[in-house]
Amino acid sequence: MKLAFVVQRYGADIAGGSEGHCRELAERLSTRHAITVLTTCATDYVTWENASPAGQSIENGVKVLRFPVAHPRRMQIFADISDEVFDSQAPHERQVEWFRENGPATPELLEHLKAHGHEFDLVLFWTFRYYQSYFGLPLVAKRAILVPTAEEDSAIDLDALGEFFDKPAGYLFMTPEERDLVSRRALHPLRASAVVGIGLEPVPVGDTPRAPIDRLNIPSRYLLYLGRVDRNKGCDVLLDSFQDYAATRADVTLVLAGPAKMQIPEHPQIRALGYVSDEVRLALLAHATALVVPSPYESLSIVLLEAWNYGVPALVNGRCKVLAGQVQRANGGLYYMFPSEFSEATDYLLTQHVERDALGRQGREYIEREYRWATVLARVEDLMQQVHASCERTN
Amino acid sequence: MLASAIALGDNPIVPVHVEMAKLRDRVREQLRERIVSGCDVHAFEDPEIFDEVEALLHAAASTSDDGGLILPELLGTPDEWRLTTSMRYQSHRTRGPAALFAFVKRNILMPAFRWLFEYSRDNFERQRRMNLVLFACVQELAVETAQLRRDVRRLSPPAADTDRSGSLQRPPTEP
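Since the structure is predicted, the reported quantities are computational estimates derived from the model, not experimental observations.

A. Expanded view of the overall build of chain B. Across its full length, chain B holds 4 helices and 0 strands. Order of helices (α) and strands (β) in chain B, N terminus to C terminus: α-α-α-α. Going through the 175 residues of chain B one by one, you find that 5% of them count as buried. Long-range pairs, those at least 24 residues apart, make up 42% of the contacts in chain B between residues at least 6 apart in sequence.

Structure (structure tokens):
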């Protein structure tokens, strides 16, 4: 098939989850389909400043067309309109304006879709919240597949999304919880959809050397948080809960690996490593007692899947339906709603060694069943065939 | 032998829902003991009473949206009671000066005081969440009360009189 993949940023050096998902699928499917990625020249998801050259390139065998962003994100206007639409029942046109200000504003990409969208068998759009999806998808709705990467944050409640979520001919979801969330927001029952997630390569469990983290004096028992250390990721609550717990146990450390976007308290049992190399990252994952995921909003936690890939159990924020759902389906860890549950669950994972190992192993078995690339790609292919057949019938 | 695991050769299966139920039981019991011993709340000396109260409040605290709540509907238009956390750039002045004042507010005052605005907004957001939880608590209690009234009516002998609100009349007092 001839496919277009539309995404806000693209490239091997782009760290975002939805962008990574798009690139992984594009590279893996490009052996079977003619794929063109339609994206922007932006690399920074905050400013959307043009950074990559506009025009065509071939990246890892995938054709990429980049379009310039008409203007960087207007921070003041965006902050004001976000306050307005998330606080109250803002009128429809103001909500639509929010998507315009959210950017990345790429009218040339929309023009390209208008002129050439019909030349593709299917057009896949990543992430509902950005300009290129919100305004681009309706232009090719009959052949569009949406990969919403929706979370239970404020944006999902915008009334303007009801109509938008009705438009695609198909959907690829990360989790069943995400599918349910989008189904509730759409005005009508969804058309064809599949829960696909992302694929992981098998890793040799037990073989990952500990030396990279020994050099950093990481103790043998530690909870690991991996990612941006940010209030929006629930890290403030995690740090408070952990300090309460640490007051009762001196033999556990919380290791934070990722750039800090908030103040991290000075504490003998908290180690903030900042950015870490891939080698350190993998060693941290492989040798952790448990991975902690405190985020209240997720459409899919890839780091959670990575931990299970190493047979490491997880402790997640139970208020996030996606995380709690993943842990329950995998039988791969515990979840907490309150600080007292966090302490009890942490204690369990640190002291019940056989159960801890069993939870980790069950997580790895879940990855084997659900998240190997062959399984994921087969689900994507099935859904694309189904939507394509339905498009053909309609035409 | 693992008490909680289902033994299957060398690989015991640990069901998360079972472990979570036990973990929550332990947390609940610790909380009950703390409240009973530290705060002298005698009603919670009965674990069953505590469990019922905790379950009711837990359900209310887990409410994430007001879609299933009656109180927001009864309170009338949200503009009159809902916490407003966005800044409205308005002025009572005539058109020209109003635009100037709005410009100054938006482009000079707001950037300078945005940190203060965001601090207040975060607190209002917390208050909004508390209101939602309290609405849900009130509704849970109202539902329980309505169900109990219905059960009491059903169990009462036909002669038993009730007032219009459904509550049983007090028995006559001894002279």
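B. Seen up close, the overall build of chain A. Each helix and strand in chain A was counted, giving 15 helices and 14 strands. Since a compact globule built from 395 residues should have a radius of gyration of about 21 Å, the 22 Å found for chain A is in line with a globular shape. Oriented by its inertia axes, the alpha-carbon framework of chain A measures out at about 65 × 45 × 40 Å. Burial statistics for chain A: of 395 residues in total, 47% are counted as buried.

C. Expanded view of the sheet that holds strand E2 (residues 34-40) of chain A. Residues and elements named next belong to chain A. Read across the sheet, 8 strands follow the order E3-E4-E2-E1-E5-E6-E7-E8 without closing on themselves; strand pairing throughout is mixed. Each end of this open sheet is capped by a strand with a single partner; those strands are strand E3 (55-59) and strand E8 (192-195). With direction set aside, neighbouring strand axes in the sheet form an average angle of 20°. Of the strand pairs in this sheet, strand E1 (residues 2-6) and strand E5 (residues 122-126) are connected by 4 bridges, and their pairing is parallel. Among the inter-strand pairings, Leu3 is bridged to a residue of E5, identified as Leu122. Lying over the sheet, helix H15 (residues 373-394) contacts E5, strand E6 (144-147), strand E7 (170-173) and E8, oriented at roughly 175° with respect to E8.

D. Seen up close, the interface of chain B and chain A. Counting residues at the interface gives 24 residues for chain B and 22 residues for chain A. If you list the elements that add at least two residues to the side of chain B that touches chain A, you get helix H1 (16-39) and helix H4 (95-155) of chain B. The element best represented in the side of chain B that touches chain A is H1 of chain B, accounting for 10 residues. In terms of residue class, the side of chain B that touches chain A is built from 13 nonpolar, 7 polar and 4 charged.

E. Structural view of helix H14 (residues 353-370) of chain A. End to end, H14 of chain A covers 26 Å across 18 residues, agreeing with the expected 26 Å (1.5 Å per residue, within 8%). For H14 of chain A, the complete set of buried residues consists of Glu355, Arg356, Ala358, Leu359, Gly360, Arg361, Gln362, Gly363, Arg364 and Ile367 of chain A.

F. Molecular detail of the pairing of strand E14 (residues 333-336) of chain A. Residues and elements named next belong to chain A. Covered by surrounding structure in E14 are Gly333 and Tyr335 together with Leu334 and Tyr336, the residues of both alternating faces. Of the pairings in the sheet, the one linking strand E13 (residues 314-317) to E14 comprises 4 bridges and is parallel in character. The partner of Ala314 across the bridge, within E14, is Gly333. Regarding the hand of the β-α-β motif, the stretch spanning E13, helix H12 (residues 321-330) and E14 is right-handed.

G. Expanded view of the domain arrangement of chain A. Residue and element names in this part refer to chain A. Along its sequence, chain A is organised into domain 1 (2-199 + 372-394) and domain 2 (211-370). Each of domain 1 and domain 2 has a C-alpha centre, and the two are 30 Å apart. In this complex, domain 1 contributes 15 residues to the contact, which on the side of domain 2 involves 11 residues. If you tally residues by element for the side of domain 1 that touches domain 2, the top one is helix H7 (residues 176-185), at 3 residues. Across the side of domain 1 that touches domain 2, the residue classes break down as 4 nonpolar, 5 polar and 6 charged.

H. Region of the structure containing the nonpolar core. Core analysis: the largest hydrophobic core is formed by 117 residues, its most contacted members being Phe5, Ile145, Leu224, Leu291 and Val316 of chain A. The two domains that each donate at least three residues to this core are domain 1 (2-199 + 372-394) and domain 2 (211-370) of chain A.

I. Up close: the sheet that holds strand E12 (residues 290-293) of chain A. Residue and element names in this part refer to chain A. In spatial order, the strands read E11-E10-E9-E12-E13-E14; together these 6 strands make up an open sheet with parallel pairing. The outermost strands of the open sheet, each flanked by one partner alone, are strand E11 (270-274) and E14. Strand-to-strand twist across the sheet, computed as the mean angle between neighbouring axes with direction ignored, equals 25°. Of the pairings in the sheet, the one linking strand E9 (residues 222-226) to E12 comprises 2 bridges and is parallel in character. Looking at E12, one finds that Leu223 is bridged to Ala290. Contacts from helix H11 (residues 302-309) reach E9, E12 and E13 within the one sheet, and its direction differs from that of E12 by about 170°.

J. Here's a closer look at the pairing of E12 of chain A. Residues and elements named next belong to chain A. A two-sided burial pattern is seen for E12, the buried positions comprising Ala290 and Val292 on one face and Leu291 and Val293 on the other. Here E12 runs beside E13; their pairing, made up of 3 bridges, is parallel. Pairing of Val292 across the sheet is with Leu315, part of E13. For the crossover from E12 across H11 to E13, the handedness is right-handed.

K. Looking closely at unusual backbone geometry. All names here are of chain A. At the junction of Gly103 and Pro104, the peptide bond is cis and its omega measures out at -5° in the coordinates. Of note, Pro104 is situated in the loop between helix H3 (92-102) and helix H4 (107-116). Within the chain, Asn60 stands out as a residue other than glycine whose phi angle is a positive 50°. According to the C-beta neighbour criterion, Asn60 is exposed, with 11 such atoms within 10 Å. Even without a glycine there, the phi angle at Thr127 is positive, about 75°. Here Thr127 shows up in the loop between E5 and helix H5 (131-136). You can call Thr127 buried: it has 23 C-beta atoms within 10 Å.

Cut-offs applied
Residues numbered from 1 in each chain as written. Chains lettered and ligands numbered in written order. Predicted model: local features only at pLDDT ≥ 70, side-chain atom pairs only at ≥ 80, totals over all residues. Helix = DSSP H or I, 4+ residues; strand = E, 2+ residues; numbered from the N terminus. Buried ≥ 20, exposed ≤ 12 C-beta atoms within 10 Å, placed from the backbone. Contact = placed C-beta atoms within 7 Å. Rg over C-alpha atoms; globule rule 2.2 N^0.38 Å. Pairing = 2+ DSSP bridges. Axes fitted to C-alpha atoms, helices over the stretch in contact; angles between N-to-C directions. Nonpolar A, V, L, I, M, F, W, Y, C, P; charged D, E, K, R; others polar. Expected span 1.5 Å × (residues − 1). Right-handed = clockwise from strand over helix to strand, strands pointing away. Domains from an automatic or database assignment. Core = buried A, V, L, I, M, F, W, Y, C linked by C-beta atoms within 7 Å.

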